[in-house]
Amino acid sequence: MKIFEKSEKSPKNLRFYINAVLTYLLIATIVFSAVSFAGYASKAIGSDSARVAKFDVSVAAAQSNEDIELDLSEDSPSGTYAFTVTNNSEVAVNYTIVVSGCPEGVEISVDDSHSLETPRTLAIGAVHNRTLTFTPADDAEGVDPTSVSISIVAEQID
């Protein structure tokens, strides 16, 4: 039998040989890729843990009565409301004082000289004592204290 001898079946044998080699290379590539990725997956070893920090901000009225008492008359040109904001969280927070339902013509000021919209920073374990002062303009009508609502909006900063 002569290997290099030409025959009529030669092109078919060559085509079969090329197909066999390409099939072998394809299977070898697939197996190699699978083994490579399996090696990466098996190397992902370790442990980790995480927890959420406690978030606890409380607000309490300084008076025994939590109602806002505003008797704005000529004898009493302004009214006040004192409250305490306490941060019992494990993180520092920013808080904003929100007053709603106050009639037009009544100016509201805070004892720390900042506007109501200014965020105030409250460190971990800190307590802020705040007093809101309500001062009506000269033309302001009587203020219905039941329509006034004070809220504290707090958010984590670290």
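From a predicted model like this one, the values you see are computed outputs, not experimental measurements.

A. Geometry of the pattern of salt bridges. With the rule as written, the count across this model stands at 2 salt bridges. One salt bridge in this structure joins Glu 90 and Arg 51, with 2.9 Å as the shortest N-O distance. With Glu 90 in the loop between β2 (79-87) and β3 (93-100) and Arg 51 in the loop between α1 (10-42) and β1 (57-61), this residue pair connects regions lying 39 residues apart in the sequence. Overall, Arg 51 belongs to the exposed group, its relative accessible area being 63%. Linking Asp 111 and Arg 130 is a salt bridge whose minimum nitrogen-to-oxygen distance equals 3.8 Å. Separated by 19 residues along the polypeptide, Asp 111 in the loop between β4 (106-110) and β5 (120-122) and Arg 130 in strand β6 (residues 127-136) bring together distant segments of the chain. The class for Asp 111 is partly exposed, based on a relative accessible area of 42%.

B. A look at the packing of aromatic side chains. For the coordinates displayed, the defined rule picks out 1 aromatic pair. Considering the side-chain rings of Tyr 81 and Phe 83, the 6.0 Å spacing of their centres and the 25° angle between planes classify their relative orientation as stacked. You'll find Tyr 81 and Phe 83 in the same group, each marked buried.

C. Spotlight on the confidence of the model for the protein. Of the residues in the protein, 74% have a pLDDT of 70 or more, and the chain-wide mean is 79. For the protein, the element scoring lowest by mean pLDDT is α1, at 82; β5 scores highest, at 93.

Rules used throughout
Residues numbered from 1 in each chain as written. Predicted model: local features only at pLDDT ≥ 70, side-chain atom pairs only at ≥ 80, totals over all residues. Heavy atoms only, no water. Salt bridge = Lys/Arg side-chain N within 4 Å of Asp/Glu carboxyl O. Helix = DSSP H or I, 4+ residues; strand = E, 2+ residues; numbered from the N terminus. Buried < 20%, exposed > 50% of the residue type's maximum accessible area, 1.4 Å probe, protein only. Phe/Tyr/Trp six-rings, centres within 6.5 Å; stacked < 30°, edge-to-face > 60°. pLDDT = per-residue confidence, 0-100.

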